[in-house]
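Each chain, written out:
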Amino acid sequence: MASSNPAPESRPYEVPGVDVPTRIESHGIDHIPDTERHGHPRELFAVWAAANVNYLSLVVGGALVLMGLSLGQALAVIVVGNLFWLLAGVLAISGPAAGTPSEVITRAMFGVRGNRVNNAVTGWMISVCYFALYLATGAGAAFTLVEEVGIRASTGVRIVVVLVVAAVTLAISVYGHALIVRLYLPITIALTAVFGIVAYEVLRHADFHHAPAAPLTGTGLWAVLLAGVTLIAAGPLSYTTSADFSRYLPATSSPKAVLGWTTAGGFVSSVLVCSLGALAATVVDMSDPQAGLRTLLPGWFRPFFLLALVLGTVAINAMTAYSAGLALQAVGLRIRRSRSVLVDGTASVALTLYALFVSDFLDTVSNIVELTVVLLGPAITVYAVDIRLRRNRYDGRALMDETPAGPFWYAAGVNPAGAVAVLAGAGAAALCVDTAYTGPVAGLLGIDLSLPVGMVLAGVLYALLMRGRVRTGS
């Protein structure tokens, strides 16, 4: 296939190298050659498990009980919402097949130019918002930890703490894939040990027969159940980039193993931590989780618990910054991945500091994250449907062709099928959403149906519009 792309050595994000933990990863969005593929799908379990043992999962689990659900209802919502990890697992199988990250594979769905817009919004902007949200919540634990060791958490100290946590996080992201894979197994083991003790203390005190004083019924109950599922599902749906962490695996890797280990890592860890939050909410006030859990945990253990919350924040944000760096390259920024990660980090830290010390902007960031389901649900569904239509056969080198002669240029660089499907799905979801604002359909029915409506419409539309147009492998 003819291509007018510059030679690899002339493109700053295509530098050959070996994927080892002690060296900064040289690859960016370029294709990973077979000679540099390595690893086993089981490594993905620790990667996704470590990223999802975090403070926000505790908060979300506790929030379900605060919303008026019984313990049984909350646990059911946690399981159902986390089943969306299956989609992250499905997307991950495209990594070994293409040898490129998700940010490039999605050219097959949106076209070369259309994909730049996709990466700017669902890849970079949303990642920066999530980074800021996770950093802000993790920083809260770090502030408490600093005071536990006798240092007053003044504004200056808090700024230093945020910068230190961000620096550690970005260092992992800059070194990249191999360091993430190497570190996340011991991180998973350490977090499991700490949360095992938390689980013991929570289970000793939990009220397993907890029910709200005024149980929800009818439409009110269904509204909260669906809102809870959407809240939980927002986590796995945000990982439209799961192929980023599987693309180094050999092309012969079992798709079932890649899907299974990715899904299991996210599902198991999220279910367990969210469930701990829900169980704790039956006996303490989880509107302030740190203060509430402090009454359940022994004094000697609290510093370890706070440190684990910070470590979980570092783990999830290192992956977020890593993918955001790839997204910037896919948008068209011609810089090395290591430098693009620093651009992401700078933007995210600035947003976090502004949110924590200048205004209540963190509430705005939280609302934006809640609304991302409107867009991320259709986007991740279109990606999954494309994998099915192409039978997971992607030509990674063809995906790197950005010229009008390439197979993924479509019409003026945009695939109308992908654009129409996502925009229609997001539009329909916006009519049905009830989070930061209430859409007209949600207002009429009293229920937030944005998640199923957006995903189903986008998936069906894309399958119909791409019928007969898909060639596997290109």
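Residues numbered from 1 in each chain as written. Predicted model: local features only at pLDDT ≥ 70, side-chain atom pairs only at ≥ 80, totals over all residues. Heavy atoms only, no water.

## Here's the deal with the overall build of the chain
Step number 1: Summing up its helical and strand segments, the chain has 20 helices and 0 strands in all.
Step number 2: A compact globule built from 474 residues should have a C-alpha radius of gyration of about 23 Å, and the chain, at 22 Å, falls within 12% of that.
Step number 3: Within the chain, the proportion of its 474 residues that are buried is 57%.
Step number 4: Restricting the contact set of the chain to residue pairs at least 6 apart, pairs at least 24 apart contribute 84%.
Step number 5: Surface exposure of the chain reaches about 18,300 Å², of which carbon and sulfur atoms provide 67%.
Step number 6: Treating the 27 positive side-chain charges of the chain as one cloud and the 26 negative ones as another, the clouds have centres 9 Å apart. (Helix = DSSP H or I, 4+ residues; strand = E, 2+ residues; numbered from the N terminus. Rg over C-alpha atoms; globule rule 2.2 N^0.38 Å. Buried < 20%, exposed > 50% of the residue type's maximum accessible area, 1.4 Å probe, protein only. Contact = heavy atoms within 4.5 Å. Areas by Shrake-Rupley, 256 points an atom, 1.4 Å probe, with all protein chains shown as cover. Lys, Arg positive; Asp, Glu negative; His and termini not counted. Charge placed at Lys NZ, Arg CZ, Asp CG, Glu CD.)

## Regarding the nonpolar core
Step number 1: One finds Met109, Tyr184, Phe195, Leu237, Leu293 and Phe305 to be the most contacted residues of the largest nonpolar core, which totals 124 residues.
Step number 2: Counting residues per element, this core draws most heavily on helix α14 (residues 302-331), which supplies 13 residues.
Step number 3: In this structure Phe195 touches Val53, Leu58, Val273, Leu276, Phe305, Ala308 and Leu309, once residues within four positions along its chain are discounted. (Core = buried A, V, L, I, M, F, W, Y, C linked by side-chain atoms within 4.5 Å.)

## Some details on the packing of aromatic side chains
What describes a pair of aromatic rings is the distance from one ring centre to the other and the angle between the planes of the rings.
Step number 1: Tallied over the full model, the rule gives 11 aromatic pairs.
Step number 2: A ring pair is formed by Trp300 and Phe301, whose centres lie 5.6 Å apart and whose planes are at 70°; its orientation type is edge-to-face.
Step number 3: On the basis of relative accessibility, which here comes to 57%, the residue Trp300 falls in the exposed class. (Phe/Tyr/Trp six-rings, centres within 6.5 Å; stacked < 30°, edge-to-face > 60°.)

## Some words on a nonpolar patch on the surface
Step number 1: Taken together, Val79, Val80, Leu83 and Leu86 make up a surface patch of nonpolar side chains, about 310 Å² in accessible area.
Step number 2: Relative to the helices and strands, Leu83 resides in the loop between α3 (71-82) and α4 (85-92).
Step number 3: You can call Leu83 partly exposed: its relative accessible area is 43%. (Patch = residues over 30% accessible without salt bridge, like charges linked within 9 Å, V, L, I, M, F, W, Y side chains within 5 Å. Salt bridge = Lys/Arg side-chain N within 4 Å of Asp/Glu carboxyl O.)

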